[in-house]
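# A look at the structure
Spelled out, the chains give:
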Amino acid sequence: MKKIILIFLVMMLTWGKSFSQGLDSLTIDYSNPKKYILASYEVTGTNFLDQNIIKSLTGLVAGEEILIPGEDISKAIRNLWKQGLFSDVSVFINKIDGDKVHLEIRIQEKPKLSTFEFSGKNMKKGTIEDYNKKLDILKGKPVTEALKLNVKNTIGDVLQEKKYLYPTITITEKKDSTLPNSAILMVNVDPGYKIKVGEIDFVGVEEGDPRKIRKAMKNTKAATSVKFFKPEDKEVLTDKTKRRNFLYTLANLNFSSVRDFLSDRVRLSFFKSSKFNEENYEKDKRALIDYYNSIGHRDAKITFDTVYLASKSAMNVQIVVDEGKKYYFRNIEFKGNSKYESAYLQKILGIKKGDVYNSELLQKKLNLDPNGTDVSTLYYDDGYLFFTVNPTETAVVGDSIDLEIRINEGPQATIDKVIIEGNDKTNDHVIRRELRTVPGNKFSRTDLIRSQREIANLGFFDAEKIEVNPIPHPETGTVDIQYKVVEKSADQVELSAGWGGSEGLIGTLGLSFNNFSVKNIFKKGSWSPLPTGDGQKLSIRAQSNGKRYQSYNFSFTEPWLGGRKPNAFSISAFSSRFQTLDANRDVSGKQITNGFSIGLGTRLKKPDDYFIVQSSLNFQNYNLKNFQQFLASNGESISDGNFNNLNLKIVFARNSIDQPIFPTSGANVELIGQFTPPYSLIKKKDNYNDLSPNEKYRWIEYHKWRLNVEWYQSLGKKFVLRTAAKFGFLGKYNDKVGTSPFERFEVGGNGLPGNITLFGQDIIAHRGYNVYSPNGGASIFNKFTLEVRYPFSLNPQASVWGLAFFEAGNAWNSFKDYNPFKLNRSVGIGIRAMLPMFGLLGVDYGVRFDNNPGSLITKSNGFFDYIGKNGEFTIILGFEPE
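Residues numbered from 1 in each chain as written. Predicted model: local features only at pLDDT ≥ 70, side-chain atom pairs only at ≥ 80, totals over all residues. Heavy atoms only, no water.

### Quick notes on the sheet that holds strand β13 (residues 388-397)
The sheet built from three strands is open, its strands ordered β12-β14-β13 with mixed pairing. Every interior strand has two partners, whereas the edge strands, β12 (328-335) and β13, have only one. Put simply, the sheet's adjacent strands are angled 25° from each other on average, direction ignored. Bridge analysis of β12 against strand β14 (residues 400-408) gives six bridges, and the strand direction is parallel. Within β14, the position partnered with Phe329 by the bridge is Ile401. Set on the sheet, helix α9 (residues 342-349) makes contact with β12 and β14; between it and β12 the angle comes to about 135°. Against the sheet, helix α10 (residues 359-366) makes contact with β12, β13 and β14, and its axis sits at roughly 150° relative to β13, the strand it touches most. (Pairing = 2+ DSSP bridges. Helix = DSSP H or I, 4+ residues; strand = E, 2+ residues; numbered from the N terminus. Axes fitted to C-alpha atoms, helices over the stretch in contact; angles between N-to-C directions. Contact = heavy atoms within 4.5 Å.)

Right under this line is the structure:
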């Protein structure tokens, strides 16, 4: 069967139409086009693309009338070419049947990108990995000019981050013989010179503080110098710039023109199309104007700025500022307020007549001051969700400005629904009981912030991803509150095992379930792998160090006993055995400790609901056999006997830290009192001096006090300052009995028990020092800590931060020896990692400044020798050292 072939060749500039045919009996008259009905058409030559999509792109519709030759088929070809997906497009006439025509659209697809091959200057493995990481998403796409331009821009972005601002990038294409219809892009990269900002010149500065101007321009830092010139120096500086650089002529162009002029040759961070750098520069300029506005220069503006190449590897920046006149507040009047009197709002505003005009301060005192001392918060906390405030300048007289603060109070909003999303494991009631936003209550911004904090402090969710979204309904005067949370692992597993030869089994098995559910233990389907969701805490731990040490611990906490009020109930029990070994590895002495504790705590409403009070009844029994660790008040060693410690512990605390793992604000203050009955005062004896330690201390008596203070303050976006102070005192009821040999303070060292039993003494770490408290433990101690922390990652799967610290502390036996100014000092650095499955891990290295027990070091053979002789590593496992 003979076929009529009609080929349309479309030129890139003219989109001309030409046809060739292979049918001798039919001649197409180009001067006399003929109309046909498009009976059918097919697409051939496709390998990867969908034929139906290609048909839709042509715009041709079967059954419609078309003109051959004519615009319909030319337009179809143009539509396909515009996609950039084809290397050839041809149209053939398969058959003409009367006034009906059958067409074939034959295409050739452009090859797919299979991979990249990189070459060029300084092409290292890491650089290639950076390129591939960014470009991997392009693989498998058709190789078009747009794709090649995308590759160039992406590589340019990678180089720009490394300060190579004008690279040369060439791309060639070759066929990939291993894959059908595929191509490899050969990319040659010459990064050019690494560019840095050399000098920054600020012109027109008279009243601006240079230090604060540099701070405002924090994203544009000079490598060599920053200079400040007064307005009269403008012409001199301009002449200097003109002499120094041929690019000065570009300074008279606008910013867009400069960027266009340099786009082919120079990739300056300020001209580059990358949004990140361009936005940063614009942000810096806005921050500069904001700074001037904050010191009264309301009309300040940048009249001119330019960037020019000072050398192949440096560029200079010049910014000309018109500071304008300095203004002051004059008359401030409130309009539209009915809820609060103007005098009270004026007091909240805190701006007086004659104060320097400060638009930043004005907005801060009107809208959402982080400290909550602003006009908006005053209204928001009383339910006025639809409140708006608009400061308007009503008069400018000389250097004085009159303001009218226009208030639209709107109606009070009532909370309708509280929506919780994202809690896949934790039950709704565990979250709801922590919320301050309750349906039926008036809307309160402070309650929203507090609720977010309480959710974070549960420890079950990623604190960085908690969202609080008010959804207002003005038509009904209500608001829905939506909380979005992301669950994180809260449970911890501690597992280690080994064989210590003559020591026997060495290992630890610890399980901590921090979101446990007792009521679901017997519920079918709730074990996945454990019953969770009710916020209860269950901990089981067993530890063995062979013959030397074994311990077993169990604890359970229900934070909301009864489910109605935050009454925390806890119960715990423990048993430990510590043994000393002789030279033959036989047991020579031992201490066996058994005990239990039962506690109840509640959250107070006054002075505020950050306060809590907890009480617990505790009992420990110490059974010693030839174990010389404790000293009586007269210095006599206590090595044998059975001793009982029954005490009541009361904790009064206020905790306002914002999150438990890496706090950035707030404080935690604890006052702890621990008391035994005063047995010697109840049942008096006259012969205490004649009693053996076993008889005198069979029932231990003491009163013990601890004060712990922690305070966190954010230092900008990343750094956090932590300050802490700790004080401890162990008192006695009867001078004849003396101070208890138990419950003393062991101060110094890394805070880990080591060769000291876990029970019978408080262990107070002091990084950089060995244990320096008096033999047998101290009855008084002080410790002060100053830390600066920096987070490397706050990912809930592994939160990591570094720290630098200064610590000072000491321990004494009595107030007679007490000297709060005689302290052992140390400095050091450390790192922490919070892993959900293992808890807190870390290492500190501390350098002490004083010899034990406190004499000043006066001799050193050099700094490194000093550090080597006076440094101590501190290993942190499972808890922060006190």
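### Some details on unusual backbone geometry
Note: most residues except glycine have negative phi, and most peptide bonds are trans. Here the amide bond leading from Ile68 into Pro69 is cis, since omega sits at -15°, within 30 degrees of zero. Examined against the element boundaries, Pro69 turns out to sit in the loop between β2 (65-68) and α2 (71-82). In this structure, the amide linkage connecting Lys606 to the following residue, Pro607, adopts the cis form with an omega of 0°. Along the chain, the position of Pro607 falls in the loop between β23 (587-603) and β24 (611-625).

### Things to note about the pattern of salt bridges
As enumerated under the stated definition, the model contains 36 salt bridges in all. As a salt-bridge pair, Lys339 and Asp382 come within 3.1 Å of each other at their nearest N and O atoms. Taken together, the positions of Lys339 in the loop between β12 and α9 and Asp382 in the loop between α11 (375-380) and β13 put the pair 43 residues apart, joining distant regions of the chain. Lys339 sits in the partly exposed class, given a relative accessible area of 38%. For Arg406, the salt bridge is made with Glu404, and the minimal N-O distance between the two is 2.6 Å. Since its relative accessible area comes to 39%, Arg406 is described here as partly exposed. You can call Glu404 buried: its relative accessible area is 16%. Taken together, the shared-partner salt bridges in this structure form one network comprising Glu710, Arg722, Arg767, Lys783, Glu787, Arg789, Glu807, Arg832 and Asp844. (Salt bridge = Lys/Arg side-chain N within 4 Å of Asp/Glu carboxyl O. Buried < 20%, exposed > 50% of the residue type's maximum accessible area, 1.4 Å probe, protein only.)

### Some thoughts on the confidence of the model for the protein chain
Interpretation of this model should avoid reading the predicted coordinates in detail wherever pLDDT is low. With 84% of its residues at a pLDDT of at least 70, the protein chain reaches an overall mean of 81. Counted against residues more than four places away or in other chains, residues 875-881, with its pLDDT under 50, gives 24 contacts. (pLDDT = per-residue confidence, 0-100.)

### A short note on the sheet that holds strand β6 (residues 168-175)
Strands sit in the order β5-β7-β6 across an open sheet of three strands; the sheet is mixed. Looking at which strands have only one partner, the edges of the open sheet turn out to be β5 (112-120) and β6. On average, each strand axis in the sheet is inclined to that of its neighbour by 25°, with strand direction left out of account. Sheet topology note: the β6/strand β7 (residues 182-190) ladder contains eight bridges and is antiparallel. Bridge pairing in β7 places Ile171 opposite Val187. The strands touched by helix α3 (residues 125-135) within the sheet are β5 and β7, with β5 carrying the most contacts at an inclination of about 155°.

### Quick word on the packing of aromatic side chains
A complete count under the given rule lists 29 aromatic pairs for this structure. With a centroid separation of 5.7 Å and 80° between ring planes, the pair formed by Phe815 and Tyr818 is classed as edge-to-face. Judged by its relative accessible area of 47%, Phe815 falls in the partly exposed class. On the basis of relative accessibility, which here comes to 23%, the residue Tyr818 falls in the partly exposed class. One aromatic cluster is present, formed by Tyr340, Tyr344, Tyr379, Tyr380, Tyr384 and Phe387 through successive ring pairs. Here the guanidinium or amino end of Lys55 rests over the ring plane of Tyr41, the centre of that ring lying 5.3 Å away. In this structure, Arg298 is placed above the aromatic ring of Tyr327, and the distance from its NZ or CZ to the ring centre is 5.4 Å. (Phe/Tyr/Trp six-rings, centres within 6.5 Å; stacked < 30°, edge-to-face > 60°. Lys NZ or Arg CZ within 6 Å of the ring centre and 35° of its normal.)

### Brief notes about the environment of Pro820
Residue position: Pro820 is located in the loop between β34 (798-812) and β35 (824-835). Residue class for Pro820 comes out partly exposed when judged on its relative accessible area of 31%. C-alpha of Pro820 to C-alpha of Lys783: the two residues are 37 residues apart in sequence and 9.6 Å apart in space.

### A closer look at the environment of Arg436
For Arg436, the location among the structural elements is in the loop between α12 (428-432) and α13 (445-457). Spatially, the C-alpha atom of Arg436 lies 7.1 Å from that of Leu448, the residues being 12 residues apart in sequence. For Arg436, the residues in contact, after removing those within four places along its chain, are Asn441, Asp447, Arg450, Ser451, Glu454, Arg603 and Asp609. Looking at Arg436, its side chain comes within polar contact range of the main-chain oxygen of Glu434, at 2.8 Å. Among the polar contacts listed, one links the side chain of Arg436 to the side chain of Asp609, at a separation of 3.1 Å. (Polar contact = N/O pair within 3.5 Å; in protein donor to acceptor, adjacent residues only side chain to side chain.)

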